[in-house]
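So the chains spell out like this:
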Amino acid sequence: MRASPLVALAGVAALLHVVVASGAEQLRPGVDYHSFANVAQFRVRSVDLDLAVDFDARRLTGHVDLNVARLDKNARRLVLDTRALDISSVSLIEKGARSTPLTFKLGPAREFLGKPLNIDMPAGPAGTSSVVRIEYRTQPQASGLQLLTPAQTAGKKHPYLFSQSQAIHARSWIPLQDTPQVRVTYRATIRVPSGLIAVMSAAHGPVDAKPDERGLTAYRFEMTEAIPSYLIAVAVGDLAFRPLGPRTGVYTEPSVLEAAAKEFVDLESMVSTCEKLFGPYRWGRYDLLILPPSAPYGGMENPRLSFITPTVIAGDRSLVSLIAHELAHSWSGNLVTNATWRDFWLNEGFTVYLERRIVEALYGQRREQMEDELGLQSLRRDLADLEPPAHHLAIDLRGQDPDEGVTQVPYEKGKLFLQFIESRFGRETLDTFLRGYFDHFAFQSIDTEQFLDYLRTNLLAKKPGAISEQEIHAWVYEPGIPGFAVLPSADVFASIDRARTAWSSGSMSTEHLPASGWSTQEWQHFLDNMPATLPRTKLDELEKAFSLSQSGNAEIAFSWFRVAIRNDYTPAYPALERYLTTIGRRKLVRPLYDDLMKSARGSELARSIYAKARPGYHPITQTAVDAIVKPGK
Ligand code: BES
Ligand code: ZN
């Protein structure tokens with residue numbers, strides 16, 4: 001039980017109050033407002049997919065068998081989530097493979113959410129389960145899939161497909177209960193044109209030796225642990241594999257394999273470091289799939305196989321904290337999962353905390369402190385732009401696309417909350433608590449309040465008074481960074497700040513900048529905190545000395561382009577255009593378009609670049625940039 005009768009009563013009173021006061025309904029923790037599924041009546045327990053990839057028609061075609069448990073004997077209707085799916089039939093598969101058609105109907109579309117699929121179910125006692133088969137195909141604009149033409153890949157010869165199901169895009173390629181509070185095991189058969197390889201967030205099963213009559217080769221997969229739908233993932237392409245350790249390795253297009261294997265040499269030791277800190281890795285293998293540059297996110301923690309942007313391949317391993325991050329999700333997120341998108345900080349805040357601990361253990365305290373400081377700076381920038389309710393860790397996302405709720409708040413403020421707990425209890429005690437937490441809630445989905453209850457009982461009660469209820473409240477339900485937060489020490493960048501000040505005031509010449517030994521993080525800090533305007537000559541000197549526009553480091557180039565755009569430094573624009581037309585990572589492209597749209601000349605450039613770049617972007621990045629780059633008058 002999560003609430004005492006008294007608390008529940010208070011909740012009802014608050015609810016009445018809010019309904020009367022504003023007409024809006026009180027948010028109920030644990031309710032997923034981003035799913036149509038009637039999870040109290042039916043629960044999908046397992047998913048069995050059989051999909052053929054048709055690159056010409058840009059569709060997946062096939063069926064899914066859902067093993068559905070009935071929780072409520074009176075329920076007559078199963079409601080699933082869908083978005084832009086063409087459904088041709090729904091049937092009940094009985095023992096002996098006999099099938100009975102079921103009546104189904106798609107409901108009206110709701111913004112961001114897609115359409116409910118209502119299926120009439122035969123009566124039956126609670127506790128029984130049945131297999132529902134849905135024959136369907138995806139539409140070319142499926143929001144959770146990106147299909148790339150050969151020209152958009154590194155090898156230029158073969159097409160490519162990858163999914164991105166988080167937050168609510170699994171429903172655009174599988175009809176299911178698309179809510180993280182429902183966990184399923186899954187099996188899949190993926191049929192792909194010859195010459196291509198399929199991978200999934202699952203263990204590999206047998207591959208057919210010969211193509212079928214359509215020329216398709218069947219790959220089989222199985223995930224035996226119960227996972228939320230947003231972790232179901234598939235990719236198909238001309239893929240090569242290189243082992244990096246006994247249980248780790250990397251998949252990429254062949255031409256990227258060498259660079260990727262070099263960049264991610266530390267993968268195996270990252271896994272063992274994380275195990276030492278937070279308990280056993282419970283997913284068997286841990287591999288990476290390096291995606292084409294259009295990948296909308298830096299990384300996606302698909303279990304057993306994280307999907308990774310190639311923009312982290314900097315050549316010097318300086319951006320591998322992103323790998324530590326996705327790996328850490330194997331504990332925080334994949335093992336213990338946010339029950340709803342309101343609780344997203346349980347996934348991301350914990351993961352950033354774990355990520356920084358891995359970075360500290362493997363790359364030292366200084367590197368960790370720099371990443372901490374950069375994280376805090378980006379949190380502060382976000383807080384300055386966001387409305388106060390969007391500062392809460394437990395965030396009300398009703399009526400919003402959860403993809404748009406991805407700010408630094410769940411990440412860096414969430415991490416600061418754990419850091420604060422660490423400061424009051426000590427690192428050893430927190431580590432023990434975290435190991436217990438991952439054990440206790442392993443393979444479960446929980447909401448913010450369940451975590452807080454567990455925290456009170458299993459940590460706070462050990463040292464009464466060490467953390468007050470008001471402090472917890474401030475972290476989780478109030479805006480801003482609490483005044484009593486423990487912040488990273490800013491002086492890791494003191495010498496960079498001195499150099500920047502001396503350089504921009506003219507007392508240090510460009511050739512005297514001590515930049516030859518600067519790390520990626522030092523460059524980021526140097527560039528991200530430049531004065532609002534700089535004279536053209538200074539920008540020329542910087543560019544001449546360090547060729548920043550040509551930087552092979554996507555983060556450094558990004559920080560430089562922001563400076564360049566602010567100053568309308570046109571010599572950087574050809575490189576900026578190349579950057580924006582090759583990279584599709586939302587976090588790297590959205591701010592650049594934002595900056596460009598702030599001036600008339602910039603807007604013009606943004607429109608002309610975006611016209612070329614848009615077809616190569618993932619639907620998620622298209623949605624984000626569509627909202628920024630509006631046609632001119
Ligand atoms: N799980 C997220 C990506 C995500 C979040 C996808 C919300 C869809 C909705 C992933 O773990 C992540 O946080 N990626 C970051 C990198 C990380 C180092 C902060 C990214 O993509 O930039
Ligand atoms: Zn994450």
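Keep in mind the model is a prediction, meaning the values are calculated, not measured.

Colleague: Just to check I follow, could you spell out the environment of Glu94 for this structure?
Modeller: Position of Glu94 among the secondary structure elements: in the loop between β4 (85-93) and β5 (99-101). A distance of 2.7 Å separates a polar atom in the side chain of Glu94 from a polar atom in the side chain of Thr100.

Colleague: So what exactly am I meant to see when it comes to the sheet that holds strand β9 (residues 145-148) here?
Modeller: Each strand in a sheet pairs with its neighbour through backbone hydrogen bonds, running either in the same direction (parallel) or in the opposite one (antiparallel). If you walk across this open sheet you meet the four strands as β9-β10-β15-β12, and the pairing is antiparallel. Edge positions in the sheet fall to β9 and β12 (197-200), since each of these pairs with one other strand and no more. Adjacent strand axes in the sheet meet at a mean angle of 10° when their direction is disregarded. Here β12 pairs with strand β15 (residues 234-237) via four bridges, running antiparallel. Pairing of Ala198 across the sheet is with Val236, part of β15.

Colleague: Looking at this structure, how should I read the coordination of the zinc ion (ligand 2)?
Modeller: For a metal with four donors in a tetrahedral arrangement, the ideal angle between donors is 109.5 degrees, while six donors in an octahedron ideally sit at 90 or 180 degrees. Around the zinc ion (ligand 2), the protein contributes the donor atoms His325 (NE2), His329 (NE2), Glu348 (OE) and Glu348 (OE), which lie 1.9 to 2.7 Å from the metal centre. Bound by six donor atoms, the zinc ion (ligand 2) shows angles of 53 to 160° at the metal and therefore irregular coordination geometry.

Colleague: I keep staring at the pattern of salt bridges and nothing clicks. Help me out?
Modeller: Applying the stated criterion across every chain, the model contains 41 salt bridges. With its nearest N and O atoms 3.6 Å apart, the salt bridge here joins Asp595 to Lys598. The exposure class assigned to Asp595 is buried, which follows from its relative accessible area of 10%. Shared partners join several salt bridges into a network, and the residues in it are Glu355, Arg356, Asp372, Glu412 and Lys415.

Colleague: Is there a simple way to explain the packing of helix α6 (residues 365-385) against helix α12 (residues 520-528) in this structure?
Modeller: Packed helix pairs are characterised by how far apart their axes lie and by the angle those axes make with each other. It is at 10 Å that the axes of α6 and α12 come closest, and there the two elements cross at 30°. In this view, α6 runs roughly parallel relative to α12, as classed from their interaxial angle. Considering how the two elements wind past one another, α6 and α12 form a crossing that is left-handed. Contacts between α6 and α12 involve Arg366, Arg367, Met370, Glu371, Leu374, Gln377 and Arg381 from the first element and Gln521, Glu522, Gln524, His525 and Asp528 from the second. Looking at the contact of α6 with α12 residue by residue, the classes come out as two nonpolar, four polar and six charged.

Colleague: For this particular structure, what's the right way to read the nonpolar core?
Modeller: As a rule of thumb, soluble globular proteins bury nonpolar side chains together. Ile134, Ile190, Met200, Phe417, Tyr437 and Phe451 are the most contacted members of the largest nonpolar core, which has 149 residues in total. Among residues more than four places away in sequence, those in contact with Tyr437 are Val336, Leu346, Phe350, Ile446, Phe451 and Tyr454. Counting 49 residues, the second largest nonpolar core, distinct from the first, contains Leu374, Ala515, Ala554 and Ile565.

Colleague: Quick question: what am I supposed to make of the packing of aromatic side chains here?
Modeller: The description of an aromatic ring pair uses the distance of the two centres, along with the angle that the planes make with each other. Per the stated rule, a full pass over the model turns up 35 aromatic pairs. Here Phe241 and Tyr251 contribute two aromatic rings whose centre-to-centre distance is 4.6 Å and whose plane-to-plane angle is 45°, an arrangement assigned as tilted. Separated by 10 residues along the polypeptide, Phe241 in strand β16 (residues 240-245) and Tyr251 in strand β17 (residues 248-252) bring together distant segments of the chain. The class of Phe241 is partly exposed, set by a relative accessible area of 34%. Ring centres of Trp518 and Phe526 lie 4.8 Å apart, and the angle between their planes is 50°; this geometry places the pair in the tilted category. Here the two residues Trp518 and Phe526 agree in accessibility, since each one is buried. In this structure, Arg398 packs its charged tip against the face of Tyr33, placed 5.3 Å from the ring centre.

Colleague: Looking at this structure, I do not really get the site of ligand 1. What am I missing?
Modeller: As a structural note, the neighbourhood of ligand 1 is formed by 17 residues, with Gln166, Gly298, Glu301, Glu326 and Tyr411 the closest of them. Within the side chain of Gln166, a nitrogen or oxygen atom sits 2.7 Å from a nitrogen atom of ligand 1. In the model, an oxygen atom of ligand 1 is placed 3.3 Å from a nitrogen or oxygen of the Arg585 side chain. Of all the elements in the fold, those that place two or more residues in the shell around ligand 1 are α4 (321-328) and α5 (344-363). Split into classes, the residues belonging to the shell around ligand 1 amount to six nonpolar, six polar and five charged.

Colleague: Where do I start with the packing of α12 against helix α14 (residues 554-566) in this structure?
Modeller: Where α12 contacts α14, the axes come no closer than 9 Å and their chain directions differ by 10°. It follows from the interaxial angle that α12 and α14 lie roughly parallel. Taken together, the residues of α14 that come into contact with α12 (itself represented by Thr520, Trp523, Gln524, Leu527 and Asp528) are Glu555, Ile556, Ser559, Trp560 and Val563. Looking at side-chain class alone, the contact of α12 with α14 contains five nonpolar, three polar and two charged residues.

Colleague: Honestly, α14 in this entry has me stumped. Any pointers?
Modeller: Residues separated by three or four positions in an α-helix point in the same direction, a consequence of the helix having 3.6 residues per turn. With 13 residues, α14 extends 18 Å between its outermost C-alpha atoms, agreeing within 8% with the 18 Å of an ideal straight helix rising 1.5 Å per residue. Looking at α14, one finds that the buried residues are Ala554, Glu555, Ile556, Ala557, Phe558, Ser559, Trp560, Phe561, Val563, Ala564 and Ile565. Where α14 is buried, its residues meet α12, α13 (536-546), α15 (573-582) and α16 (586-596). Between the side-chain oxygen of the N-cap and the backbone nitrogen of Glu555 there are 3.0 Å, and the N-cap of α14 in question is Asn553. Directly beyond the C-terminal end of α14, a positive phi value near 45° is found at Asp568.

Colleague: Explain the environment of Met370 here, please?
Modeller: Position of Met370 among the secondary structure elements: in helix α6. On the basis of relative accessibility, which here comes to 5%, the residue Met370 falls in the buried class. Along the sequence, Met370 and His525 sit 155 residues apart, while their C-alpha atoms lie 8.8 Å from each other. Every residue in contact with Met370, bar those within four places of it in the chain, is listed here: Val492, Phe493, Ser519, Gln521 and Glu522.

Colleague: Could you clarify how one ought to interpret the confidence of the model for the chain in this entry?
Modeller: If pLDDT is low for a region, its predicted coordinates should not be looked at in detail. In this model, the chain carries a mean pLDDT of 95, and residues with pLDDT of at least 70 account for 96%. Overall, residues 1-22 carries pLDDT values under 50, and its contacts beyond four positions in sequence, including any with other chains, amount to 10 contacts.

Colleague: Would you mind going over the side chain of His325 with me for this structure?
Modeller: Relative to the elements of secondary structure, His325 occurs in helix α4. His325 sits in the buried class, given a relative accessible area of 8%. Polar side-chain contacts of His325 include one of 3.0 Å to the side chain of Glu348. Each residue touching His325, except ones within four places of it in the same chain, is listed here: Glu348, Thr351, Val352, Glu355 and Tyr411.

Colleague: So what exactly am I meant to see when it comes to unusual backbone geometry here?
Modeller: Negative phi values dominate among residues other than glycine, just as trans dominates among peptide bonds. Cis geometry marks the peptide bond from Gln166 to Ala167; its omega dihedral reads 0°. Position of Ala167 relative to the elements: it lies in the loop between β10 (160-163) and β11 (183-193). Although it is not a glycine, Arg304 sits at a positive phi angle of roughly 70°. Along the chain, Arg304 turns up in the loop between β19 (299-300) and β20 (305-308). The exposure class of Arg304 is buried, given its relative accessible area of 18%. For Arg317, which is not glycine, the phi torsion reads 60° and is therefore positive.

Rules of the game
Residues numbered from 1 in each chain as written. Chains lettered and ligands numbered in written order. Predicted model: local features only at pLDDT ≥ 70, side-chain atom pairs only at ≥ 80, totals over all residues. Heavy atoms only, no water. Helix = DSSP H or I, 4+ residues; strand = E, 2+ residues; numbered from the N terminus. Polar contact = N/O pair within 3.5 Å; in protein donor to acceptor, adjacent residues only side chain to side chain. Pairing = 2+ DSSP bridges. Axes fitted to C-alpha atoms, helices over the stretch in contact; angles between N-to-C directions. Donors = N, O, S within 2.8 Å, 3.2 Å for Na, K, Ca; no water. Tetrahedral: all angles 85-135°; square planar, octahedral: opposite > 155°, others 65-115°. Salt bridge = Lys/Arg side-chain N within 4 Å of Asp/Glu carboxyl O. Buried < 20%, exposed > 50% of the residue type's maximum accessible area, 1.4 Å probe, protein only. Parallel < 35°, antiparallel > 145°, perpendicular 65-115°, else oblique. Left-handed = near helix turned anticlockwise from the far one by under 90°. Contact = heavy atoms within 4.5 Å. Nonpolar A, V, L, I, M, F, W, Y, C, P; charged D, E, K, R; others polar. Core = buried A, V, L, I, M, F, W, Y, C linked by side-chain atoms within 4.5 Å. Phe/Tyr/Trp six-rings, centres within 6.5 Å; stacked < 30°, edge-to-face > 60°. Lys NZ or Arg CZ within 6 Å of the ring centre and 35° of its normal. Near = heavy atom within 4 Å. Expected span 1.5 Å × (residues − 1). pLDDT = per-residue confidence, 0-100.

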